[in-house]
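# Results of the structural survey
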Amino acid sequence: MLIDLKYHSQEEPVTDPFFAEYGLSFHIKRDDLIHPFISGNKWRKLKYLLQNASSLQKTSLVTFGGPYSNHLLATACAAAKFGFTSTGFVRGEAVENPTLLICRMFGMQLRFIERERYRDKKHLFDHYFGHQKEAFFIDEGGASEEAVTGCSEIIQELEQHYDYIFCAAGTGTTAAGLLKGIAQQNLSSALHVVPVLKNGEFIRQEIEKFFRAPPEFTLHSSYHFGGYAKTSTELLEFLATFSAKTGILLDPVYTGKMAYAIYDLTRKNFFRPGSKILMLHTGGLLGLLGMQERLGKVLY
Ligand SMILES: *Cc1c(COP(=O)(O)O)cnc(C)c1O
């Protein structure tokens, strides 16, 4: 099966006069529009892994994620689209939610694994799939060299020059890819990374692992709102205001925290006037459905 590699995305200006007041221009690269389920950076991270799987004649994808994992969802959909079967190991006790429901719709077999055993993913793969020649291991979140290569192509696609490029980080793989792309294209753009986990400084080592010499970038590690998938009324109100002003939805787990950081840094005069800022929209919009109740309290 030929893996279609033509998915790409466009940049668009954000029509919020707020940025003009500070002499800034603000654009968003719409990787969220690449595909509704193989969304954003998850497609970038999967595409070369899928090519590898295909060229090794593997027919069954095996991967890992939490119960709201955008990666599980993307893998489930991509597997169905490109003719693989798929299994997802889900961290924690058995639950049902919109993400897992759609994974099942795409034919993914789900196996819930208690937290302790979930840690050692290679072991789980060997235990359940070691004897199956057709099985192909994909790490949690798609983290891999292939994923870094896929994400570096985001930079090759850019139509304009930006002084600042922002991304949200979970594992830091996407950020590493962007840094690779910036180096390959010899751009002077500065990468700014917003970790969504608490104590996000660890992301620096995670990114540096992919490089021989440590690359230059800035971490903004105080926008985690309490930790992974944690939120606050202030963040949810910001998401709603942003969507109503721009016609662009953000997800509460990743892109919302990054966008909040960009607004906050703007207010604090962090950016040189006259600069152009780009934010990478990595998708993940189903994350909104995981916060239905809390969002309801903000909206009604
Ligand atoms: C997975 C994900 C990220 C984090 O990507 P990493 O490469 O793990 O840092 C960012 N945004 C969204 C919407 C995601 O689903």
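Description of the structure in this document. (Residues numbered from 1 in each chain as written. Predicted model: local features only at pLDDT ≥ 70, side-chain atom pairs only at ≥ 80, totals over all residues. Heavy atoms only, no water.)

### Notes on the sheet that holds strand β3 (residues 60-65)
For clarity, the threshold we go by: Strand pairing requires that DSSP identify at least two bridges connecting the strands. Here a helix means four or more residues in a row that DSSP labels H or I, a strand means two or more in a row labelled E, and each is numbered from the N terminus. The axes used here are C-alpha line fits, helices contributing only the stretch in contact, and every angle between their N-to-C directions lies in the interval 0 to 180 degrees.
Read across the sheet, four strands follow the order β5-β4-β3-β6 without closing on themselves; strand pairing throughout is parallel. In the strand order of this sheet, the two ends are held by β5 (109-113) and β6 (135-137), each with one partner. Adjacent strand axes in the sheet meet at a mean angle of 25° when their direction is disregarded. Looking at chain direction, β3 and β6 are connected through three bridges and run parallel. The residue bridging Leu 61 from the neighbouring strand is Phe 136, located in β6.

### Quick notes on the packing of helix α3 (residues 70-81) against helix α4 (residues 98-105)
Our working definition: These descriptions rest on fixed angle ranges, namely under 35 degrees for roughly parallel, over 145 for roughly antiparallel, 65 to 115 for roughly perpendicular, and the rest for oblique. Crossing chirality is assigned from the near helix's rotation relative to the far helix, an anticlockwise turn below a right angle marking it left-handed and a clockwise turn marking it right-handed. Between two residues, a contact is recorded if the distance between any of their heavy atoms is within 4.5 Å. Throughout this entry, Asp, Glu, Lys and Arg are counted as charged residues, while Ala, Val, Leu, Ile, Met, Phe, Trp, Tyr, Cys and Pro are counted as nonpolar. The remaining residues, Gly among them, count as polar.
One way to put it is that α3 packs onto α4 with a least axis distance of 8 Å and a crossing angle of 15°. Here α4 runs roughly parallel to α3, going by the angle between their axes. As for the relative orientation of α3 and α4, their crossing is left-handed in sense. Here α3 contributes Leu 72, Leu 73 and Ala 76 to the contact with α4, which in turn contributes Thr 99, Leu 100, Ile 102 and Cys 103. For the contact of α3 with α4, the residue count by class is six nonpolar, one polar and no charged.

### Topic: the site of the ligand
Put simply, the rule reads: For each residue, the test is whether any non-hydrogen atom lies within 4 Å of the molecule or strand; if one does, the residue is near. Counting of polar contacts relies on pairs of N or O atoms within 3.5 Å, with two restrictions inside protein: one atom must be capable of donating a hydrogen and the other of accepting it, and residues adjacent in sequence are counted only when both atoms are side-chain atoms. All accessibility values rest on the Shrake-Rupley procedure with a 1.4 Å probe; residue burial counts only the protein chains present in the view.
Taken together, 14 residues lie near the ligand, and Lys 42, Asn 70, Thr 171, Thr 174 and Thr 282 sit nearest. Between the ligand and the protein, one listed contact pairs an oxygen atom with a backbone N or O atom of Gly 170 at 2.8 Å. A distance of 2.6 Å separates an oxygen atom of the ligand from a polar side-chain atom of Thr 174. In the complex, 97% of the free accessible area of the ligand, which totals 390 Å², lies under the protein chains. Counting residues per element, the ones that place at least two in the shell around the ligand are α2 (41-55) and α8 (173-184). Its residues placed into classes, the shell around the ligand shows two nonpolar, 10 polar and two charged.

### What about the packing of aromatic side chains?
Filter applied, for reference: Side-chain rings of Phe, Tyr and Trp, where Trp is taken by its six-membered ring, are said to pair if the distance between their centres is within 6.5 Å; with planes under 30 degrees apart they count as stacked, over 60 as edge-to-face, and otherwise as tilted. Each residue is assigned to one of three classes by its accessible area relative to the maximum for its type, calculated with a 1.4 Å probe on protein chains only: buried under 20%, partly exposed between the two thresholds, exposed over 50%. Each ring is checked for a lysine NZ or an arginine CZ that lies within 6 Å of its centre and within 35 degrees of its normal; such an atom marks a charge sitting over the ring.
Under the criterion given, the structure shown has 26 aromatic pairs. Between Tyr 7 and Trp 43 the ring centres are 5.0 Å apart and the planes differ by 75°, which places this aromatic pair in the edge-to-face class. With Tyr 7 in the segment before β1 (11-13) and Trp 43 in helix α2, this pair connects stretches of sequence that are 36 residues apart. Between Phe 225 and Tyr 260, the aromatic rings sit 5.0 Å apart at their centres with planes inclined by 90°, giving edge-to-face as the arrangement. Here Phe 225 is found in the loop between β9 (218-219) and α10 (233-246), whereas its partner Tyr 260 is found in helix α11 (residues 255-267), with 35 residues between them in sequence. Like Phe 225, the residue Tyr 260 is buried in the burial classification. Its guanidinium or amino end placed over the ring of Phe 211, Lys 180 lies 4.9 Å from that ring's centre, counting from NZ or CZ. Geometry around Phe 217 places Arg 204 over its ring, the cationic atom sitting 4.3 Å from the centre.

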